[in-house]
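What follows is the residue order along each chain.
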Amino acid sequence: MVKIGIIGFGYMGHFHFEKVSHFDNAKVVCAFDTDKDKLEDAREKGLDIYSTLEEFLCADIDLVVIATPNQWHEKYALASMKAGKNVMCEKPATMSVAEMENIIKCSEETGKFFTVHQQRRWDPDFRAVCDVVRSGKIGKITTIESRVFGERGVCFGWRADPESGGGMLYDWGVHLIDQILQLYSSEVVTSVYARILSVLTPAVDDFFEITMMLSNGVCAKVSVSTFALQKLPRWFVFGDRGTMKLDDFSGKIGGVARIKGEVKGFDSVVGQKVLGPSRTMAPLQPEHIEQINIPEEADMTLCYWDNLLKAAEGVEQPYVTTTQILRQMKIVEAAFESAKNNVVVNVSI
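These notes cover the structure that comes with them. Because the structure is predicted, anything quoted here is derived from the model rather than measured.

Our focus in this paragraph is the environment of Pro295. In this fold, Pro295 is placed in the loop between β14 (289-292) and α8 (303-313). Along the chain, Pro295 and Pro124 lie 171 residues apart, while their C-alpha atoms are 9.3 Å from each other. Beyond its immediate stretch of four places on either side in the chain, Pro295 contacts Ala128, Asp131, Val132 and Gly251.

The following block contains the structure:
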């Protein structure tokens, strides 16, 4: 039985409490929070509660889950590993590369693992993109666009507080960057250019666009806005033989199409007199296009937690490694630098 303690029994603390309930080999046994109401909530759910970190870390637990605002991640991770506990932390892992390097050093010294809740590696939309890109069905990839747009124009709670590590780059950006780095794990990011804006939330970023150039020539663009009242697709992927579009997180709505055989674009307009306003932009005839089914992805909702618990038991290594997270945080820092100075930042990440 993997015994788990949660630091921060708010929204995400409850999320992880619920996830653990799906497993017979794990149990959340205690919680630590500085908020008395949240501790009382934890008590009502049958957990032992602690109002100090020191008491919490003396409890009989194997795995600490950190679900606090971002500025506390490093402190609680270091203290937990030094107390002999493995750690799973909410994203972003830290607020800087330097903090992440401190965590890696502590993990190496204590022999305790540190991993991060990057569960969107198992989202069906992302896995469908991976399947199509890696299959070569739409040819050599030139550009990938990944975006998440909301409508409310707000950053909820502490996410609107810069001291807490608020803003959309720390919140959603780390997920979208992580997905690109996983899709192209063997490639190097060679440059980063970013626009980071505060449109309706003055204190933190509520809009960003980041362009990453990869060593294989692929241009990866990730963007987030909390205020967009018209929609663009969740994913848009350009290949030299076809195109993929996914409209939302379901991974089921959209389409994949490629040109048939060795057909060239103008083959379908030879001899035609009416082509619309432009020969260059005239549509292909339907017989020259092949529609491909979007891959059907199995439900992998609990895959992250299954691996995490096996790692806590010592039978597997965490899927989300500190090396991967350090790479991700380096991209985040390069994006902030790029936006601040309005320059392309050349990197080798």
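Here the focus is a nonpolar patch on the surface. A grouping of Leu197, Val199, Leu200, Phe227 and Leu229 is seen on the molecular surface, where their side chains present a nonpolar patch of about 450 Å² in accessible area. Mapping Phe227 onto the fold places it in the loop between β10 (219-225) and β11 (235-239). Residue class for Phe227 comes out partly exposed when judged on its relative accessible area of 41%.

If you look at the biggest cluster of nonpolar residues, it comprises 100 residues, and the most contacted ones within it are Ile4, Phe114, Ile210 and Trp305. For this core, the element with the highest residue contribution is helix α7 (residues 168-183), accounting for ten residues. In this structure Ile4 touches Val20, Ala26, Lys27, Val28, Val29, Cys30, Ile61, Leu63, Val65, Trp305 and Leu309, once residues within four positions along its chain are discounted.

For the rest of this paragraph, the subject is the packing of aromatic side chains. Scanning the entire structure with this criterion turns up eleven aromatic pairs. Both rings, one in Tyr50 and one in Phe56, keep their centres 6.3 Å apart while their planes meet at 75 degrees; by these two values the pair is edge-to-face. Taken together, the aromatic side chains of Phe32, Tyr50, Phe56, Trp72 and Tyr76 make up a single cluster linked through ring pairs. Geometry around Phe249 places Arg120 over its ring, the cationic atom sitting 5.4 Å from the centre.

Side chains Asn86 and Met88 project from strand β5 (residues 86-89) onto one buried face, and the interleaved Val87 and Cys89 project onto a second face that is buried too. Across four bridges, strand β4 (residues 63-66) lies against β5 in parallel orientation. By the bridge assignment for β5, Val64 is matched with Val87. At this point the chain moves from β4, through helix α4 (residues 73-82), to the parallel β5, and the crossover so formed is right-handed. In this structure, β5 lies alongside strand β6 (residues 114-116), joined through three bridges in parallel fashion. By the bridge assignment, Cys89 is partnered in β6 with Val116. You can see the chain leave β5, run along helix α5 (residues 97-110) and come back into β6, and the turn it takes is right-handed.

Below, the discussion takes up the packing of α7 against helix α9 (residues 322-341). At their nearest, the axes of α7 and α9 sit 10 Å apart, and the two run at 120 degrees to each other. What the angle tells us is that α7 and α9 run oblique. Crossing of α7 over α9 shows right-handed handedness. Residue-level contacts link Leu169, Tyr170, Val174, Ile177, Asp178, Leu181 and Gln182 of α7 to Gln324, Arg327, Gln328, Met329, Ile331, Val332, Ala335 and Phe336 of α9.

With that out of the way, let us pick up the pattern of salt bridges. Scanning the entire structure with this criterion turns up 16 salt bridges. One salt bridge connects Asp60 with Lys3, and the closest N-O pair in it is separated by 2.5 Å. Here Lys3 lies in strand β1 (residues 2-7) and Asp60 lies in the loop between α3 (53-57) and β4, a separation of 57 residues in the sequence. Lys3 gets classed as partly exposed once you look at its relative accessible area, which sits at 24%. When the shortest N-O distance is used, the salt bridge between Arg127 and Glu297 registers 3.0 Å. Of this pair, Arg127 sits in helix α6 (residues 124-135) while Glu297 sits in the loop between β14 and α8, placing them 170 residues apart in sequence. Classification of Glu297 as partly exposed rests on a relative accessible area of 24%. Each of Lys91, Arg159 and Asp171 takes part in a single network of salt bridges with overlapping partners.

Criteria and cut-off values
- Residues numbered from 1 in each chain as written.
- Predicted model: local features only at pLDDT ≥ 70, side-chain atom pairs only at ≥ 80, totals over all residues.
- Heavy atoms only, no water.
- Helix = DSSP H or I, 4+ residues; strand = E, 2+ residues; numbered from the N terminus.
- Contact = heavy atoms within 4.5 Å.
- Patch = residues over 30% accessible without salt bridge, like charges linked within 9 Å, V, L, I, M, F, W, Y side chains within 5 Å.
- Areas by Shrake-Rupley, 256 points an atom, 1.4 Å probe, with all protein chains shown as cover.
- Salt bridge = Lys/Arg side-chain N within 4 Å of Asp/Glu carboxyl O.
- Buried < 20%, exposed > 50% of the residue type's maximum accessible area, 1.4 Å probe, protein only.
- Core = buried A, V, L, I, M, F, W, Y, C linked by side-chain atoms within 4.5 Å.
- Phe/Tyr/Trp six-rings, centres within 6.5 Å; stacked < 30°, edge-to-face > 60°.
- Lys NZ or Arg CZ within 6 Å of the ring centre and 35° of its normal.
- Pairing = 2+ DSSP bridges.
- Right-handed = clockwise from strand over helix to strand, strands pointing away.
- Axes fitted to C-alpha atoms, helices over the stretch in contact; angles between N-to-C directions.
- Parallel < 35°, antiparallel > 145°, perpendicular 65-115°, else oblique.
- Left-handed = near helix turned anticlockwise from the far one by under 90°.

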